[in-house]
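Spelled out from the first residue to the last, the chains are:
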Amino acid sequence: MNNTILVGIDFSECSLNALSHAVSIAEKSNSNIVMVWVNKLANDKDIVSKDNDLIVLGATQRFSELLEKYEPVIGKDKISYIIKEGRVYEAMQTACEELDPMLVVIGTHGMSGFSARWLGSNAYRMSLLIDVPIITIRGGVDINKTISKILLPIDSTTETRQKLPLTALLAKYFNATIYVLGIYTSEVKTVNMRVNSYVKQVVNYLVANEIDYVIDELHGTDVADELILYASKINANLISIMDEQERSAANFFSGSSSLQLVTKSPYPILISHAKNIYSTISKN
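Keep in mind that this is a model prediction, so the values were computed, not measured. (Residues numbered from 1 in each chain as written. Predicted model: local features only at pLDDT ≥ 70, side-chain atom pairs only at ≥ 80, totals over all residues. Heavy atoms only, no water.)

It is worth spelling out the pairing of strand S4 (residues 103-107) at this point. Every regular strand shows the same layout, with side chains that alternate between the two sheet faces. With respect to burial, S4 is a largely interior element, five of its five residues being buried. Burial of S4 is two-sided: the residues Leu103, Val105 and Gly107 facing one way and the residues Val104 and Ile106 facing the other way are all buried. Alignment of S4 against strand S5 (residues 134-137), held across four bridges, turns out to be parallel. Looking across to S5, one finds that Gly107 is bridged to Ile137. (Buried < 20%, exposed > 50% of the residue type's maximum accessible area, 1.4 Å probe, protein only. Helix = DSSP H or I, 4+ residues; strand = E, 2+ residues; numbered from the N terminus. Pairing = 2+ DSSP bridges.)

The next thing to look at is the pattern of salt bridges. Evaluated as defined, the whole model comprises four salt bridges. Of the charged contacts in the structure, one is a salt bridge between Lys84 and Glu98, with a shortest N-O distance of 2.7 Å. Of this pair, Lys84 sits in strand S3 (residues 79-85) while Glu98 sits in helix H3 (residues 88-99), and the two are 14 residues apart along the sequence. The salt bridge involving Lys264 is made with Asp225; its shortest N-O contact spans 3.2 Å. Remark: Asp225 occurs in helix H8 (residues 223-234) and Lys264 occurs in helix H10 (residues 257-264); sequence separation between them is 39 residues. With a relative accessible area of 36%, Lys264 lands in the partly exposed category. (Salt bridge = Lys/Arg side-chain N within 4 Å of Asp/Glu carboxyl O.)

Moving on, we come to the packing of aromatic side chains. Between two aromatic rings, the relevant description is the distance of the centres plus the angle of the planes. Across all of its chains, the model carries three aromatic pairs by this definition. Between Phe11 and Trp37 the ring centres are 6.5 Å apart and the planes differ by 45°, which places this aromatic pair in the tilted class. Residue Phe11 is found in the loop between strand S1 (4-8) and helix H1 (13-29), and its partner Trp37 is found in strand S2 (residues 32-39); the two are separated by 26 residues along the sequence. Looking at Phe11, the relative accessible area reads 14%, which means it is buried. Given a relative accessible area of 10%, Trp37 falls into the buried group. (Phe/Tyr/Trp six-rings, centres within 6.5 Å; stacked < 30°, edge-to-face > 60°.)

Written out as structure tokens, the structure reads:
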């Protein structure tokens, strides 16, 4: 895994907003930014070579403007771009395989490029296909670029704790407070005891790494909407979740809490995958 943040760009306002958030993370973590533009028109039989050259030239000029804007912020050699062709999700998968980034940041609304594939549930489906932690950011919402409050829901699944190290790493970079929210959706005592145990483990981890935290509880079954309401109450900058329940075909289209969060949340969503294990916290 490289110290690189991959950002999907289609030059819409939404993707530029996502880039701004990515730059703030890169600045704190001393990471590199690689912007990715996917030229879907290159495969269009109605587009002649000359027209395609003009399209690519236009994208290159836009990238030059973005480099000029952000190089003074994170460094001349810290931000770059690549141009891919083909289907968006396949191009992003290829870019991840080539660059092995620590994080992908994507806007979930836009007028072109990523918009058709990254709206609502499509954004979440793509996040499942790319085995890299992803931050999805909905367009049209003015979000503070810093991260001061991170909402970390903890449920009864074994995988729920695996999002902790990356979440803690971001909290460390930004000196943020993590709100550890125990999720209780069952009346079964053993299930709730498991949640209690996981919350305690999370707290021990945060204490050991000197990260500020708050403990709270959420009871009910309408988890997605309640999480969004809670995030609004604390003015959260990020909600950290796992994708573990949605990787099975049986649950994929079931309207899960994670899927609903990506679709509905006006707050950035950090999606971690069960295979992405971060064992240490360090500041560059």
